[in-house]
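# Analysis of the macromolecular model
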Number of protein chains: 2
Amino acid sequence: MKTEHLISQIRQKKSFLCVGLDTDLDKIPAHLLDDEDPIFAFNKAIIDATHPYCVAYKPNIAFYEAYGLKGWKSLERTLEYLNVNHPEIFTIADAKRGDIGNTSTRYAKAFFDTMDFDSITIAPYMGRDSVEPFLEFGDRHTILLALTSNQGAFDFQTQKVGDRELYKEVLATSKTYKGSERLMYVVGATKASFLKEIRQIVPESFLLVPGVGAQGGSLQEVCKYGITKDIGLLVNSSRGILYASNGQDFAQVAAKKAKEIQGEMELELAKLP
Amino acid sequence: MKTEHLISQIRQKKSFLCVGLDTDLDKIPAHLLDDEDPIFAFNKAIIDATHPYCVAYKPNIAFYEAYGLKGWKSLERTLEYLNVNHPEIFTIADAKRGDIGNTSTRYAKAFFDTMDFDSITIAPYMGRDSVEPFLEFGDRHTILLALTSNQGAFDFQTQKVGDRELYKEVLATSKTYKGSERLMYVVGATKASFLKEIRQIVPESFLLVPGVGAQGGSLQEVCKYGITKDIGLLVNSSRGILYASNGQDFAQVAAKKAKEIQGEMELELAKLP
(Lines give C-alpha, C1' and ligand atoms only; values in the text may rest on other atoms or scores of the structure.)
Protein backbone atom coordinates (compact mmCIF):
# COMPACT_ATOMS: atom_id res chain seq x y z
CA MET A 1 0.00 0.00 0.00
CA LYS A 2 1.26 3.45 -0.87
CA THR A 3 1.62 5.92 2.02
CA GLU A 4 -0.81 8.30 0.31
CA HIS A 5 -3.54 5.64 0.48
CA LEU A 6 -2.93 5.21 4.19
CA ILE A 7 -3.16 8.98 4.66
CA SER A 8 -6.38 9.27 2.69
CA GLN A 9 -7.91 6.41 4.70
CA ILE A 10 -6.99 8.26 7.90
CA ARG A 11 -8.65 11.46 6.67
CA GLN A 12 -11.74 9.56 5.58
CA LYS A 13 -12.22 7.59 8.80
CA LYS A 14 -10.94 10.40 11.02
CA SER A 15 -8.86 7.82 12.79
CA PHE A 16 -5.24 6.73 12.99
CA LEU A 17 -6.01 3.80 15.23
CA CYS A 18 -4.24 0.50 14.77
CA VAL A 19 -5.82 -2.49 16.50
CA GLY A 20 -3.24 -4.96 17.74
CA LEU A 21 -4.37 -8.55 17.29
CA ASP A 22 -2.59 -10.13 20.29
CA THR A 23 -5.02 -13.00 20.28
CA ASP A 24 -4.68 -15.23 23.33
CA LEU A 25 -6.72 -18.41 23.82
CA ASP A 26 -6.54 -17.85 27.58
CA LYS A 27 -8.26 -14.49 27.26
CA ILE A 28 -10.86 -14.82 24.50
CA PRO A 29 -14.47 -15.52 25.45
CA ALA A 30 -15.03 -19.14 26.48
CA HIS A 31 -17.89 -19.66 24.01
CA LEU A 32 -15.45 -19.28 21.10
CA LEU A 33 -13.26 -22.17 22.22
CA ASP A 34 -15.70 -24.66 20.65
CA ASP A 35 -15.04 -23.17 17.20
CA GLU A 36 -12.77 -25.22 14.94
CA ASP A 37 -10.47 -22.16 14.72
CA PRO A 38 -11.12 -20.00 17.82
CA ILE A 39 -8.30 -17.56 17.03
CA PHE A 40 -9.68 -16.77 13.60
CA ALA A 41 -13.25 -16.68 14.91
CA PHE A 42 -12.21 -14.11 17.50
CA ASN A 43 -10.20 -12.03 15.02
CA LYS A 44 -13.00 -12.05 12.46
CA ALA A 45 -15.53 -10.86 15.04
CA ILE A 46 -13.15 -8.13 16.22
CA ILE A 47 -12.44 -7.01 12.64
CA ASP A 48 -16.13 -7.02 11.68
CA ALA A 49 -16.95 -4.86 14.69
CA THR A 50 -13.99 -2.46 14.80
CA HIS A 51 -13.01 -1.82 11.17
CA PRO A 52 -15.04 1.40 10.80
CA TYR A 53 -12.94 2.97 13.56
CA CYS A 54 -9.41 1.92 12.67
CA VAL A 55 -7.07 2.11 9.68
CA ALA A 56 -4.67 -0.72 10.53
CA TYR A 57 -4.52 -4.15 12.14
CA LYS A 58 -1.34 -5.48 13.68
CA PRO A 59 -1.20 -9.20 14.43
CA ASN A 60 1.49 -9.81 17.02
CA ILE A 61 3.21 -12.76 15.36
CA ALA A 62 4.45 -14.32 18.63
CA PHE A 63 0.88 -15.02 19.70
CA TYR A 64 0.31 -17.11 16.56
CA GLU A 65 3.74 -18.73 16.50
CA ALA A 66 3.20 -19.92 20.10
CA TYR A 67 0.44 -22.24 18.83
CA GLY A 68 2.59 -23.78 16.11
CA LEU A 69 1.08 -24.77 12.75
CA LYS A 70 -2.44 -24.14 14.03
CA GLY A 71 -1.48 -20.60 14.97
CA TRP A 72 0.13 -19.89 11.60
CA LYS A 73 -2.99 -21.17 9.88
CA SER A 74 -5.13 -18.78 11.96
CA LEU A 75 -2.77 -15.93 11.06
CA GLU A 76 -2.98 -16.70 7.34
CA ARG A 77 -6.76 -16.86 7.50
CA THR A 78 -6.92 -13.56 9.40
CA LEU A 79 -4.72 -11.78 6.88
CA GLU A 80 -6.63 -13.22 3.94
CA TYR A 81 -9.91 -12.14 5.53
CA LEU A 82 -8.55 -8.61 5.89
CA ASN A 83 -7.12 -8.43 2.38
CA VAL A 84 -10.29 -9.76 0.74
CA ASN A 85 -12.85 -7.81 2.77
CA HIS A 86 -10.96 -4.67 3.73
CA PRO A 87 -8.17 -4.16 1.20
CA GLU A 88 -7.98 -0.46 2.15
CA ILE A 89 -6.79 -1.36 5.65
CA PHE A 90 -3.06 -1.27 6.39
CA THR A 91 -1.70 -4.54 7.77
CA ILE A 92 1.32 -4.81 10.03
CA ALA A 93 3.16 -8.04 10.84
CA ASP A 94 4.50 -7.24 14.30
CA ALA A 95 7.37 -9.69 13.96
CA LYS A 96 10.52 -7.83 15.12
CA ARG A 97 12.63 -9.78 12.63
CA GLY A 98 16.12 -8.96 11.32
CA ASP A 99 19.15 -11.04 10.27
CA ILE A 100 22.04 -11.00 7.81
CA GLY A 101 21.15 -10.06 4.23
CA ASN A 102 20.21 -13.36 2.61
CA THR A 103 18.24 -14.37 5.71
CA SER A 104 16.39 -11.06 5.95
CA THR A 105 15.43 -11.61 2.32
CA ARG A 106 13.74 -14.84 3.45
CA TYR A 107 11.84 -13.09 6.21
CA ALA A 108 10.75 -10.42 3.74
CA LYS A 109 9.55 -13.14 1.39
CA ALA A 110 7.64 -14.82 4.25
CA PHE A 111 5.69 -11.69 5.15
CA PHE A 112 5.43 -9.84 1.82
CA ASP A 113 5.20 -12.70 -0.70
CA THR A 114 4.05 -15.93 0.98
CA MET A 115 1.76 -13.85 3.15
CA ASP A 116 0.63 -10.47 1.91
CA PHE A 117 1.30 -7.96 4.69
CA ASP A 118 1.70 -4.26 3.92
CA SER A 119 4.42 -3.86 6.51
CA ILE A 120 6.58 -5.58 9.11
CA THR A 121 8.36 -4.47 12.31
CA ILE A 122 12.15 -4.97 12.26
CA ALA A 123 14.88 -4.82 14.93
CA PRO A 124 17.84 -2.61 13.96
CA TYR A 125 20.71 -4.23 15.89
CA MET A 126 22.29 -5.92 12.85
CA GLY A 127 22.36 -2.73 10.78
CA ARG A 128 22.01 -1.78 7.16
CA ASP A 129 22.20 -5.12 5.36
CA SER A 130 19.68 -6.62 7.78
CA VAL A 131 17.11 -3.91 6.97
CA GLU A 132 17.58 -3.13 3.28
CA PRO A 133 16.24 -6.49 1.99
CA PHE A 134 12.84 -5.51 3.40
CA LEU A 135 13.04 -2.08 1.78
CA GLU A 136 13.46 -3.63 -1.66
CA PHE A 137 9.76 -4.46 -1.78
CA GLY A 138 7.86 -1.61 -3.48
CA ASP A 139 4.71 -0.35 -1.72
CA ARG A 140 5.63 -2.29 1.43
CA HIS A 141 6.78 -0.61 4.60
CA THR A 142 9.45 -1.52 7.10
CA ILE A 143 8.77 -0.33 10.62
CA LEU A 144 12.07 -0.11 12.44
CA LEU A 145 12.29 -0.29 16.22
CA ALA A 146 13.61 3.01 17.51
CA LEU A 147 12.39 3.64 21.06
CA THR A 148 10.24 0.87 22.50
CA SER A 149 7.70 1.19 25.30
CA ASN A 150 9.16 -1.36 27.72
CA GLN A 151 11.45 -0.85 30.69
CA GLY A 152 14.28 -2.63 28.85
CA ALA A 153 14.38 0.28 26.39
CA PHE A 154 16.66 1.97 28.95
CA ASP A 155 19.24 -0.85 28.74
CA PHE A 156 20.61 0.17 25.36
CA GLN A 157 18.26 2.40 23.34
CA THR A 158 18.65 5.46 25.53
CA GLN A 159 22.39 5.06 26.06
CA LYS A 160 24.51 7.76 24.50
CA VAL A 161 26.40 6.81 21.34
CA GLY A 162 28.71 9.75 20.79
CA ASP A 163 26.58 12.81 21.47
CA ARG A 164 23.17 11.27 20.99
CA GLU A 165 21.14 8.31 22.24
CA LEU A 166 21.28 5.00 20.38
CA TYR A 167 17.65 5.27 19.24
CA LYS A 168 18.42 8.62 17.61
CA GLU A 169 21.48 7.09 15.99
CA VAL A 170 19.18 4.35 14.61
CA LEU A 171 16.77 6.97 13.26
CA ALA A 172 19.50 9.05 11.64
CA THR A 173 21.51 6.14 10.22
CA SER A 174 18.48 4.39 8.81
CA LYS A 175 17.65 7.46 6.72
CA THR A 176 20.73 6.63 4.63
CA TYR A 177 19.48 3.09 3.87
CA LYS A 178 18.44 2.35 0.30
CA GLY A 179 14.66 2.55 0.12
CA SER A 180 14.45 4.54 3.36
CA GLU A 181 11.42 6.42 2.03
CA ARG A 182 9.52 3.24 2.95
CA LEU A 183 10.68 3.28 6.56
CA MET A 184 8.39 3.92 9.49
CA TYR A 185 9.45 3.73 13.14
CA VAL A 186 8.22 2.21 16.38
CA VAL A 187 8.20 4.84 19.12
CA GLY A 188 6.76 3.99 22.54
CA ALA A 189 4.13 6.38 23.85
CA THR A 190 5.33 6.06 27.42
CA LYS A 191 7.93 8.65 26.50
CA ALA A 192 5.78 11.02 24.46
CA SER A 193 7.93 14.06 25.18
CA PHE A 194 10.80 12.31 23.38
CA LEU A 195 8.70 12.62 20.24
CA LYS A 196 9.68 16.24 19.94
CA GLU A 197 13.33 15.34 19.48
CA ILE A 198 12.44 12.37 17.28
CA ARG A 199 10.54 14.71 14.95
CA GLN A 200 13.72 16.76 14.51
CA ILE A 201 15.37 13.69 12.97
CA VAL A 202 12.41 12.19 11.10
CA PRO A 203 10.04 15.12 10.58
CA GLU A 204 7.68 13.34 8.19
CA SER A 205 7.99 9.60 8.75
CA PHE A 206 5.07 7.61 10.03
CA LEU A 207 5.51 6.53 13.64
CA LEU A 208 3.84 3.43 15.02
CA VAL A 209 3.09 4.22 18.63
CA PRO A 210 2.35 1.30 20.94
CA GLY A 211 1.72 1.81 24.59
CA VAL A 212 -1.38 3.97 24.52
CA GLY A 213 -3.78 2.28 26.90
CA ALA A 214 -2.58 -0.86 28.74
CA GLN A 215 1.07 0.19 28.45
CA GLY A 216 0.29 3.77 29.64
CA GLY A 217 0.72 6.95 27.62
CA SER A 218 -1.71 9.64 26.53
CA LEU A 219 -3.06 10.23 23.07
CA GLN A 220 -3.05 13.99 23.54
CA GLU A 221 0.63 13.97 24.50
CA VAL A 222 1.51 11.80 21.51
CA CYS A 223 -0.31 14.14 19.13
CA LYS A 224 1.10 17.27 20.73
CA TYR A 225 4.65 16.20 19.95
CA GLY A 226 4.26 13.71 17.12
CA ILE A 227 1.55 14.69 14.66
CA THR A 228 2.48 16.11 11.24
CA LYS A 229 0.51 17.83 8.49
CA ASP A 230 -0.01 14.38 6.95
CA ILE A 231 -0.71 12.91 10.40
CA GLY A 232 2.38 10.67 10.47
CA LEU A 233 1.04 8.60 13.34
CA LEU A 234 -0.46 5.18 13.82
CA VAL A 235 -1.44 4.66 17.44
CA ASN A 236 -1.92 1.09 18.53
CA SER A 237 -4.21 -0.38 21.13
CA SER A 238 -4.40 -4.13 21.70
CA ARG A 239 -5.61 -5.48 25.03
CA GLY A 240 -7.71 -2.40 25.86
CA ILE A 241 -9.89 -3.16 22.84
CA LEU A 242 -9.67 -6.94 22.43
CA TYR A 243 -10.37 -7.87 26.02
CA ALA A 244 -12.66 -5.04 27.10
CA SER A 245 -15.29 -7.75 27.64
CA ASN A 246 -14.94 -11.50 27.65
CA GLY A 247 -18.64 -12.19 27.42
CA GLN A 248 -20.92 -12.82 24.44
CA ASP A 249 -20.80 -9.06 23.81
CA PHE A 250 -16.99 -8.91 23.38
CA ALA A 251 -17.11 -7.63 19.80
CA GLN A 252 -19.64 -4.89 20.52
CA VAL A 253 -17.68 -3.74 23.56
CA ALA A 254 -14.47 -3.80 21.50
CA ALA A 255 -16.21 -1.65 18.87
CA LYS A 256 -17.35 0.77 21.57
CA LYS A 257 -13.77 1.08 22.87
CA ALA A 258 -12.38 1.54 19.36
CA LYS A 259 -15.03 4.16 18.62
CA GLU A 260 -14.10 6.04 21.81
CA ILE A 261 -10.47 6.20 20.73
CA GLN A 262 -11.52 7.18 17.20
CA GLY A 263 -13.55 10.02 18.74
CA GLU A 264 -10.50 11.30 20.60
CA MET A 265 -8.46 11.04 17.41
CA GLU A 266 -11.09 12.99 15.47
CA LEU A 267 -10.69 15.84 17.97
CA GLU A 268 -6.93 15.80 17.47
CA LEU A 269 -7.24 15.71 13.68
CA ALA A 270 -9.62 18.67 13.80
CA LYS A 271 -6.80 20.74 15.31
CA LEU A 272 -4.67 20.30 12.16
CA PRO A 273 -4.48 23.33 9.87
CA MET B 1 19.99 -29.76 27.67
CA LYS B 2 22.42 -28.97 30.45
CA THR B 3 25.68 -27.28 29.43
CA GLU B 4 27.66 -30.19 30.91
CA HIS B 5 25.98 -32.57 28.45
CA LEU B 6 26.94 -30.34 25.56
CA ILE B 7 30.53 -30.24 26.81
CA SER B 8 30.74 -34.01 27.24
CA GLN B 9 29.35 -34.51 23.73
CA ILE B 10 32.05 -32.18 22.40
CA ARG B 11 34.77 -34.16 24.18
CA GLN B 12 33.37 -37.45 22.95
CA LYS B 13 33.01 -36.45 19.30
CA LYS B 14 36.09 -34.23 19.34
CA SER B 15 34.03 -31.63 17.57
CA PHE B 16 32.32 -28.33 18.36
CA LEU B 17 30.78 -28.06 14.91
CA CYS B 18 27.25 -26.76 14.47
CA VAL B 19 25.66 -27.46 11.10
CA GLY B 20 23.38 -24.64 10.00
CA LEU B 21 20.25 -25.93 8.27
CA ASP B 22 19.65 -23.01 5.88
CA THR B 23 17.65 -25.24 3.60
CA ASP B 24 16.81 -23.59 0.30
CA LEU B 25 14.66 -25.25 -2.38
CA ASP B 26 16.60 -23.34 -5.02
CA LYS B 27 19.85 -24.96 -3.93
CA ILE B 28 19.04 -28.53 -2.91
CA PRO B 29 19.62 -31.33 -5.43
CA ALA B 30 16.93 -31.44 -8.11
CA HIS B 31 16.14 -35.12 -7.54
CA LEU B 32 14.76 -34.28 -4.07
CA LEU B 33 12.15 -31.90 -5.42
CA ASP B 34 9.85 -34.82 -6.26
CA ASP B 35 9.66 -35.79 -2.60
CA GLU B 36 6.42 -34.84 -0.83
CA ASP B 37 8.54 -32.82 1.65
CA PRO B 38 11.84 -31.93 -0.07
CA ILE B 39 13.05 -29.73 2.79
CA PHE B 40 12.69 -32.51 5.34
CA ALA B 41 14.12 -35.09 2.92
CA PHE B 42 17.19 -32.92 2.44
CA ASN B 43 17.59 -32.21 6.17
CA LYS B 44 17.17 -35.89 7.08
CA ALA B 45 19.85 -36.94 4.58
CA ILE B 46 22.21 -34.21 5.83
CA ILE B 47 21.61 -35.19 9.47
CA ASP B 48 22.05 -38.91 8.76
CA ALA B 49 25.35 -38.21 7.03
CA THR B 50 26.85 -35.49 9.21
CA HIS B 51 25.75 -36.27 12.79
CA PRO B 52 28.93 -38.18 13.74
CA TYR B 53 30.95 -35.01 13.10
CA CYS B 54 28.86 -32.30 14.74
CA VAL B 55 27.31 -31.57 18.12
CA ALA B 56 24.58 -29.11 17.12
CA TYR B 57 22.15 -28.32 14.32
CA LYS B 58 20.88 -24.81 13.76
CA PRO B 59 17.84 -24.44 11.52
CA ASN B 60 17.70 -20.87 10.24
CA ILE B 61 14.03 -20.16 10.89
CA ALA B 62 13.66 -17.60 8.07
CA PHE B 63 14.28 -20.30 5.48
CA TYR B 64 11.30 -22.30 6.79
CA GLU B 65 9.07 -19.31 7.46
CA ALA B 66 9.55 -18.18 3.85
CA TYR B 67 7.62 -21.26 2.68
CA GLY B 68 4.66 -20.62 5.00
CA LEU B 69 2.81 -23.53 6.63
CA LYS B 70 4.68 -26.05 4.49
CA GLY B 71 7.97 -24.69 5.76
CA TRP B 72 6.89 -24.78 9.40
CA LYS B 73 5.78 -28.36 8.94
CA SER B 74 9.22 -29.26 7.53
CA LEU B 75 10.86 -27.52 10.49
CA GLU B 76 8.74 -29.41 13.01
CA ARG B 77 9.53 -32.72 11.30
CA THR B 78 13.25 -31.92 11.24
CA LEU B 79 13.33 -31.08 14.94
CA GLU B 80 11.31 -34.15 15.85
CA TYR B 81 13.64 -36.32 13.78
CA LEU B 82 16.62 -34.87 15.65
CA ASN B 83 15.06 -35.20 19.09
CA VAL B 84 13.94 -38.79 18.52
CA ASN B 85 17.05 -40.10 16.78
CA HIS B 86 19.80 -37.91 18.21
CA PRO B 87 18.62 -36.58 21.57
CA GLU B 88 22.22 -35.89 22.57
CA ILE B 89 22.56 -33.25 19.86
CA PHE B 90 22.09 -29.59 20.80
CA THR B 91 19.42 -27.82 18.74
CA ILE B 92 19.40 -24.11 18.02
CA ALA B 93 16.45 -22.17 16.63
CA ASP B 94 18.21 -19.37 14.78
CA ALA B 95 15.26 -17.04 15.07
CA LYS B 96 16.66 -13.67 16.24
CA ARG B 97 13.45 -12.98 18.17
CA GLY B 98 12.86 -10.46 20.98
CA ASP B 99 9.92 -8.30 22.07
CA ILE B 100 8.32 -6.85 25.20
CA GLY B 101 7.94 -9.26 28.13
CA ASN B 102 4.57 -10.91 27.52
CA THR B 103 5.34 -11.25 23.81
CA SER B 104 8.82 -12.72 24.39
CA THR B 105 7.10 -15.25 26.64
CA ARG B 106 5.07 -16.30 23.61
CA TYR B 107 8.15 -16.69 21.44
CA ALA B 108 9.78 -18.74 24.20
CA LYS B 109 6.70 -20.93 24.34
CA ALA B 110 6.78 -21.36 20.55
CA PHE B 111 10.36 -22.62 20.48
CA PHE B 112 10.75 -24.33 23.87
CA ASP B 113 7.24 -25.76 24.48
CA THR B 114 5.31 -26.06 21.22
CA MET B 115 8.55 -27.07 19.51
CA ASP B 116 11.29 -28.57 21.62
CA PHE B 117 14.49 -26.65 20.81
CA ASP B 118 17.37 -26.56 23.29
CA SER B 119 18.14 -22.94 22.49
CA ILE B 120 17.17 -19.87 20.49
CA THR B 121 19.01 -16.81 19.16
CA ILE B 122 17.70 -13.46 20.48
CA ALA B 123 18.27 -9.82 19.50
CA PRO B 124 19.18 -7.58 22.47
CA TYR B 125 17.86 -4.18 21.32
CA MET B 126 14.78 -4.20 23.59
CA GLY B 127 16.78 -5.00 26.73
CA ARG B 128 16.27 -6.96 29.92
CA ASP B 129 12.54 -7.70 29.90
CA SER B 130 12.74 -8.86 26.27
CA VAL B 131 15.41 -11.46 27.14
CA GLU B 132 14.52 -12.71 30.62
CA PRO B 133 11.33 -14.56 29.57
CA PHE B 134 13.54 -16.92 27.54
CA LEU B 135 15.90 -17.41 30.49
CA GLU B 136 13.06 -18.63 32.69
CA PHE B 137 13.11 -22.01 30.93
CA GLY B 138 15.41 -24.40 32.81
CA ASP B 139 17.93 -26.38 30.76
CA ARG B 140 17.26 -24.16 27.74
CA HIS B 141 19.74 -21.65 26.43
CA THR B 142 19.32 -18.15 25.09
CA ILE B 143 21.93 -17.12 22.56
CA LEU B 144 22.10 -13.35 22.53
CA LEU B 145 23.40 -11.43 19.51
CA ALA B 146 26.55 -9.59 20.52
CA LEU B 147 28.78 -9.04 17.51
CA THR B 148 27.40 -10.35 14.24
CA SER B 149 29.36 -11.33 11.15
CA ASN B 150 27.73 -8.97 8.65
CA GLN B 151 28.83 -5.57 7.42
CA GLY B 152 25.88 -3.93 9.21
CA ALA B 153 27.48 -4.90 12.53
CA PHE B 154 29.47 -1.68 12.17
CA ASP B 155 26.30 0.45 12.06
CA PHE B 156 25.54 0.15 15.78
CA GLN B 157 27.26 -2.81 17.46
CA THR B 158 30.76 -1.39 17.28
CA GLN B 159 29.78 2.16 18.15
CA LYS B 160 31.07 3.40 21.46
CA VAL B 161 28.55 3.63 24.29
CA GLY B 162 30.42 5.48 27.00
CA ASP B 163 33.90 3.96 27.01
CA ARG B 164 33.11 0.65 25.34
CA GLU B 165 31.43 -0.62 22.19
CA LEU B 166 27.71 -1.41 22.21
CA TYR B 167 28.32 -5.16 21.79
CA LYS B 168 30.48 -5.13 24.92
CA GLU B 169 27.78 -3.20 26.75
CA VAL B 170 25.32 -5.92 25.66
CA LEU B 171 27.65 -8.64 26.98
CA ALA B 172 28.23 -6.90 30.31
CA THR B 173 24.63 -5.82 30.90
CA SER B 174 23.20 -9.22 30.00
CA LYS B 175 25.29 -10.83 32.76
CA THR B 176 23.02 -9.06 35.26
CA TYR B 177 19.86 -10.60 33.76
CA LYS B 178 18.01 -13.17 35.83
CA GLY B 179 18.98 -16.63 34.57
CA SER B 180 22.10 -15.28 32.82
CA GLU B 181 23.91 -18.54 33.53
CA ARG B 182 21.88 -19.88 30.59
CA LEU B 183 23.10 -17.19 28.21
CA MET B 184 25.34 -17.88 25.25
CA TYR B 185 26.39 -15.27 22.68
CA VAL B 186 26.61 -14.91 18.91
CA VAL B 187 30.04 -13.62 17.93
CA GLY B 188 30.98 -13.36 14.25
CA ALA B 189 34.22 -15.05 13.26
CA THR B 190 35.11 -12.37 10.76
CA LYS B 191 36.42 -10.42 13.73
CA ALA B 192 38.21 -13.21 15.58
CA SER B 193 40.72 -10.91 17.24
CA PHE B 194 37.80 -9.20 18.99
CA LEU B 195 37.29 -12.51 20.82
CA LYS B 196 40.16 -11.69 23.11
CA GLU B 197 38.36 -8.66 24.50
CA ILE B 198 35.06 -10.52 24.54
CA ARG B 199 36.61 -13.23 26.71
CA GLN B 200 37.54 -10.57 29.26
CA ILE B 201 33.83 -9.86 29.73
CA VAL B 202 32.42 -13.39 29.36
CA PRO B 203 35.35 -15.66 30.18
CA GLU B 204 33.37 -18.90 30.31
CA SER B 205 30.19 -18.45 28.28
CA PHE B 206 29.60 -20.50 25.19
CA LEU B 207 29.96 -18.48 22.00
CA LEU B 208 28.14 -19.40 18.82
CA VAL B 209 30.44 -18.40 16.01
CA PRO B 210 28.94 -18.06 12.55
CA GLY B 211 30.99 -16.95 9.64
CA VAL B 212 33.59 -19.70 9.45
CA GLY B 213 33.57 -20.78 5.83
CA ALA B 214 31.25 -18.96 3.43
CA GLN B 215 31.25 -15.80 5.56
CA GLY B 216 35.08 -15.86 5.96
CA GLY B 217 36.99 -16.34 9.19
CA SER B 218 39.51 -18.95 10.30
CA LEU B 219 38.94 -21.73 12.81
CA GLN B 220 42.48 -21.42 14.15
CA GLU B 221 42.02 -17.72 14.85
CA VAL B 222 38.70 -18.33 16.58
CA CYS B 223 40.24 -21.00 18.82
CA LYS B 224 43.33 -18.94 19.52
CA TYR B 225 41.28 -16.17 21.08
CA GLY B 226 38.03 -17.85 22.03
CA ILE B 227 38.53 -21.37 23.36
CA THR B 228 38.21 -22.06 27.10
CA LYS B 229 39.11 -25.04 29.30
CA ASP B 230 35.53 -26.29 28.72
CA ILE B 231 35.76 -25.35 25.04
CA GLY B 232 33.09 -22.64 25.19
CA LEU B 233 32.69 -22.56 21.41
CA LEU B 234 30.19 -23.73 18.87
CA VAL B 235 31.40 -22.97 15.37
CA ASN B 236 28.77 -22.96 12.67
CA SER B 237 29.00 -23.87 9.02
CA SER B 238 25.96 -23.84 6.78
CA ARG B 239 26.36 -23.43 3.04
CA GLY B 240 29.90 -24.85 2.97
CA ILE B 241 28.50 -28.19 4.14
CA LEU B 242 24.93 -28.24 2.82
CA TYR B 243 25.70 -27.26 -0.74
CA ALA B 244 29.16 -28.74 -1.22
CA SER B 245 27.57 -30.89 -3.92
CA ASN B 246 24.16 -30.64 -5.52
CA GLY B 247 24.29 -34.06 -7.11
CA GLN B 248 23.07 -37.47 -5.94
CA ASP B 249 26.12 -37.57 -3.66
CA PHE B 250 25.23 -34.36 -1.75
CA ALA B 251 24.96 -36.08 1.64
CA GLN B 252 28.26 -37.97 1.32
CA VAL B 253 30.05 -34.80 0.21
CA ALA B 254 28.45 -32.89 3.09
CA ALA B 255 29.70 -35.58 5.48
CA LYS B 256 33.17 -35.31 3.98
CA LYS B 257 33.18 -31.53 4.51
CA ALA B 258 31.87 -31.88 8.07
CA LYS B 259 34.50 -34.52 8.80
CA GLU B 260 37.23 -32.21 7.50
CA ILE B 261 36.13 -29.47 9.87
CA GLN B 262 35.81 -31.99 12.72
CA GLY B 263 39.40 -33.04 11.99
CA GLU B 264 40.60 -29.44 12.31
CA MET B 265 38.64 -29.09 15.53
CA GLU B 266 40.20 -32.27 16.92
CA LEU B 267 43.63 -30.72 16.40
CA GLU B 268 42.55 -27.60 18.27
CA LEU B 269 41.03 -29.60 21.12
CA ALA B 270 44.26 -31.61 21.44
CA LYS B 271 46.05 -28.36 22.31
CA LEU B 272 43.92 -27.92 25.45
CA PRO B 273 45.66 -28.74 28.74
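Before reading on, note that the structure itself is shown above.
Keep in mind it's a predicted model, so treat the numbers as computed, not measured.

Rules used in this analysis
- Residues numbered from 1 in each chain as written.
- Chains lettered and ligands numbered in written order.
- Predicted model: local features only at pLDDT ≥ 70, side-chain atom pairs only at ≥ 80, totals over all residues.
- Heavy atoms only, no water.
- Helix = DSSP H or I, 4+ residues; strand = E, 2+ residues; numbered from the N terminus.
- Buried < 20%, exposed > 50% of the residue type's maximum accessible area, 1.4 Å probe, protein only.
- Contact = heavy atoms within 4.5 Å.
- Axes fitted to C-alpha atoms, helices over the stretch in contact; angles between N-to-C directions.
- Left-handed = near helix turned anticlockwise from the far one by under 90°.
- Nonpolar A, V, L, I, M, F, W, Y, C, P; charged D, E, K, R; others polar.
- Expected span 1.5 Å × (residues − 1).
- Buried area = accessible area lost by both parts, 1.4 Å probe.
- Salt bridge = Lys/Arg side-chain N within 4 Å of Asp/Glu carboxyl O.
- Least-squares fit on C-alpha atoms with pLDDT ≥ 70 in both.

A word on the environment of Leu166(B). Along the chain, the position of Leu166(B) falls in helix α8 (residues 166-174). By relative accessible area, Leu166(B) is classed as buried at 1%. In sequence terms Leu166(B) and Ala56(B) are 110 residues apart; their C-alpha atoms lie 28 Å from each other. Those residues in contact with Leu166(B) that lie beyond four places of it in its chain are Tyr125(A), Phe156(A), Leu166(A), Phe156(B), Gln157(B), Gln159(B) and Val161(B).

Residue and element names in this part refer to chain B. Locating Ala45 in the fold gives a position in helix α2 (residues 38-50). Through-space distance from the C-alpha of Ala45 to that of Thr121 is 25 Å; in sequence the pair is 76 residues apart. Aside from chain neighbours lying at most four places away, what touches Ala45 is Phe250 and Ala251.

The next subject is the packing of helix α10 (residues 219-226) of chain A against helix α12 (residues 250-270) of chain A. Residues and elements named next belong to chain A. At a minimum axis distance of 11 Å, the contact between α10 and α12 shows a crossing angle of 30°. Classified by chirality, the crossing of α12 by α10 is right-handed. Between α10 and α12, the contacting residues are Leu219, Gln220 and Cys223 on the first element and Ile261, Glu264, Met265 and Glu268 on the second. Looking at the contact of α10 with α12 residue by residue, the classes come out as four nonpolar, one polar and two charged.

Here we come to helix α5 (residues 101-114) of chain B. Along its 14 residues, α5(B) runs 18 Å from first to last C-alpha, staying within 8% of the 20 Å computed at 1.5 Å per residue. By the burial criterion, the buried members of α5(B) are Thr103(B), Ser104(B), Arg106(B), Tyr107(B), Ala108(B), Ala110(B), Phe111(B) and Phe112(B).

Moving on: the interface of chain A and chain B. Across the boundary between the two partners, chain A contributes 56 residues, which contact 56 residues of chain B. Contact between chain A and chain B buries roughly 4900 Å² in total, counting both sides, with carbon and sulfur atoms accounting for 58%. The largest share of the area that chain A buries against chain B comes from Arg106(A), Tyr125(A) and Phe156(A), three residues that together contribute 20% of it. Summed over the shared surface of chain A and chain B, the number is six salt bridges. Residue Arg106(B) is joined to Asp24(A) by a salt bridge in which the shortest nitrogen-to-oxygen separation is 2.7 Å.

Once chain A is rotated about the relating axis by 180° and shifted along it by 0.0 Å, it coincides with chain B to within an RMSD of 0.0 Å. Here the symmetry operator amounts to a two-fold rotation axis. Residue Val161(A), judged by its C-alpha, is the member of chain A lying nearest the rotation axis, at 2.4 Å. Most of the interface of chain A is mirrored in chain B, where 100% of its interface residues are also at the interface.

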